[in-house]
Amino acid sequence: MASYQKLTAPKEGSKIKVLGPNKFEVPNDPIIPFIEGDGIGADLTRAMHIVINAAVKKAYDGKRKINWFEVYAGEKAVEKYGEGQYLPEDTITAFKEYSVSIKGPLTTPVGGGFRSLNVTIRQVMDLFACVRPVKYYKGIPSPVKHPEKVDMIIFRENTEDIYAGVEFMSGSEEAKKLRNFLIGLDPKIKEKIREDAAIGIKPMGPFASKRLIRKSIQYALDNNKSSVTLVHKGNIMKYTEGAFKDWGYELAKAEFGDRLIPEAEVTGSTNKIIIKDRIADSMFQQALLRPDEYSVLALPNLNGDYMSDALAAQVGGLGMAPGANMSDTIAVFEATHGSAPKYTNQDKANPGSLILSAVMMLIHMGWKEAADLVEKGINKTIEQKYVTYDLARQMEGATEVKCSQFAERIAQNM
Ligand code: NAD
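The structure reproduced in this document is the subject of the present report. (Residues numbered from 1 in each chain as written. Predicted model: local features only at pLDDT ≥ 70, side-chain atom pairs only at ≥ 80, totals over all residues. Heavy atoms only, no water.)

### Remarks on the environment of Asn345
For step 1, the next point in the chain: Mapped onto the elements of the fold, Asn345 is located in the loop between strand E15 (331-335) and helix H11 (352-364).
For step 2, the next point in the chain: The exposure class assigned to Asn345 is exposed, which follows from its relative accessible area of 58%.
For step 3, the next point in the chain: Note: C-alpha distance between Asn345 and Val18 (327 residues apart in sequence) is 37 Å.
For step 4, the next point in the chain: Setting aside residues up to four positions removed in sequence, Asn345 forms contacts with Gly39, Ala42 and Asp43. (Helix = DSSP H or I, 4+ residues; strand = E, 2+ residues; numbered from the N terminus. Buried < 20%, exposed > 50% of the residue type's maximum accessible area, 1.4 Å probe, protein only. Contact = heavy atoms within 4.5 Å.)

See the structure below:
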């Protein structure tokens, strides 16, 4: 049992046991840590608890129950732990100890020494995959003609690429030194990098790329998906993005053998999972023009960032976009939007994104019956046009309701 400075775990409930990479034993009474979050986080978390508790109760007739365990980050952590304590060690300990947890949005502290709390959470636990399912809920306003054709899940690499944070400012000593060093390796670099250039580094290797692609393929196999697409800019960046693609095909062949088939080898209909690749710019077009030809996408960090927001917009925006950051042993589910501070404690914001993140969490735990009930409740509530302000203002004939009313109606509609 881990020791905490200021937390007491619930007396009731048990731990999800990690048996090995991606192997878990989930008890009927799991303890699940949650961070309420800043801004609209408190309203959203309350709404999420209403819906998830009702779904679990209904699906398993009271035989299963989640024991929620509040842990702290953001402004509430500072209140409890003191100045500057935006992400106490207790919280990370709990996330590791219980394996599955969920968080509301966190405001990035100004001058707190953090690039972002969310980034820090990912880094300290090496949550290497950012997973975002994107699908359409009937009735949600969308900018495209056939949003229902989108049903994809994005696996974005979280630890490498130009996002690694290795950058040197224009005019800095470091940038000059680095430029000179590079010119020493290849004199042609003198023309490629101007003297006043800032320089960012793009590290990408087989270890991080393969563990991300492996996770995406495993997901496709476990969930009967039709294809895995490696999205890259390998036509231009051959040794990083091009290699990402090559490592992907290599891994598929070496570790998954004949359960996958490369697109180029498909002759007729196949019951194998098709593995293919697309250049990132073409993938953005395909997502709009032929979205139904794509299912699981595996992407490096930057492409993944762009693609997840673009696809979320296609099905109606961030209000309904769930996500998770995971390793092979720890998963943190989270709403993908921020803390929208202007709506704090107004019981107004859309809890859809956090509720759908909890649906992902239920699926991860193998509690599919409860996950299906929540989806049913959401579908029906949106069809009834009983929605929060952000959706109501774009839907004809909608009834605008509060965050809590939306959640209660979802629970009734299950
Ligand atoms: P934001 O996502 O918080 O809000 C932008 C706008 O989107 C809001 O003003 C609101 O109109 C709308 N919106 C967002 N979520 C909504 C919801 N659930 N229902 C209805 N409308 C919603 O982005 P921001 O204003 O740029 O960021 C605010 C803070 O959140 C910043 O400190 C930022 O760093 C942080 N942030 C956190 C996360 C996270 O925790 N994962 C993600 C992004 C931003």
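### Regarding the sheet that holds strand E13 (residues 296-299)
The strands that make up a sheet pair up through hydrogen bonds in the backbone, lying either parallel or antiparallel.
For step 1, the next point in the chain: Across the sheet, 11 strands lie side by side as E4-E3-E5-E15-E14-E6-E7-E13-E10-E12-E11; this open sheet has mixed pairing. Two strands bound the open sheet, and with one partner strand each, they are strand E4 (67-71) and strand E11 (260-262). Each strand axis lies, on average, 25° off the axis of its neighbour in the sheet, ignoring direction.
For step 2, the next point in the chain: In this sheet, strand E12 (residues 273-279) lies alongside strand E10 (residues 227-232) in parallel orientation, the contact comprising 6 bridges. Along E12, the bridge assignment pairs Val231 with Arg278.
For step 3, the next point in the chain: Taken strand by strand, helix H7 (residues 206-222) contacts strand E6 (129-135), strand E7 (151-157), E10, E11, E12, E13 and strand E14 (322-326), and its axis lies near 160° from that of E7. (Pairing = 2+ DSSP bridges. Axes fitted to C-alpha atoms, helices over the stretch in contact; angles between N-to-C directions.)

### Re the site of the ligand
For step 1, the next point in the chain: Around the ligand, the surrounding shell holds 21 residues, and the nearest of these are Leu106, Thr108, Gly338, Ala340 and Asn350.
For step 2, the next point in the chain: In the environment of the ligand, an oxygen atom lies 2.7 Å from a nitrogen or oxygen atom belonging to the side chain of Thr108.
For step 3, the next point in the chain: Interatomic distance of 2.9 Å between a side-chain N/O atom of Tyr389 and a nitrogen atom of the ligand.
For step 4, the next point in the chain: A total of 810 Å² of accessible area belongs to the ligand in isolation, and the protein chains cover 66% of it.
For step 5, the next point in the chain: For the shell around the ligand, the secondary-structure elements that each account for two or more residues are E15 and helix H13 (389-392).
For step 6, the next point in the chain: Among the residues forming the shell around the ligand, the class breakdown is 9 nonpolar, 8 polar and 4 charged. (Near = heavy atom within 4 Å. Polar contact = N/O pair within 3.5 Å; in protein donor to acceptor, adjacent residues only side chain to side chain. Areas by Shrake-Rupley, 256 points an atom, 1.4 Å probe, with all protein chains shown as cover. Nonpolar A, V, L, I, M, F, W, Y, C, P; charged D, E, K, R; others polar.)

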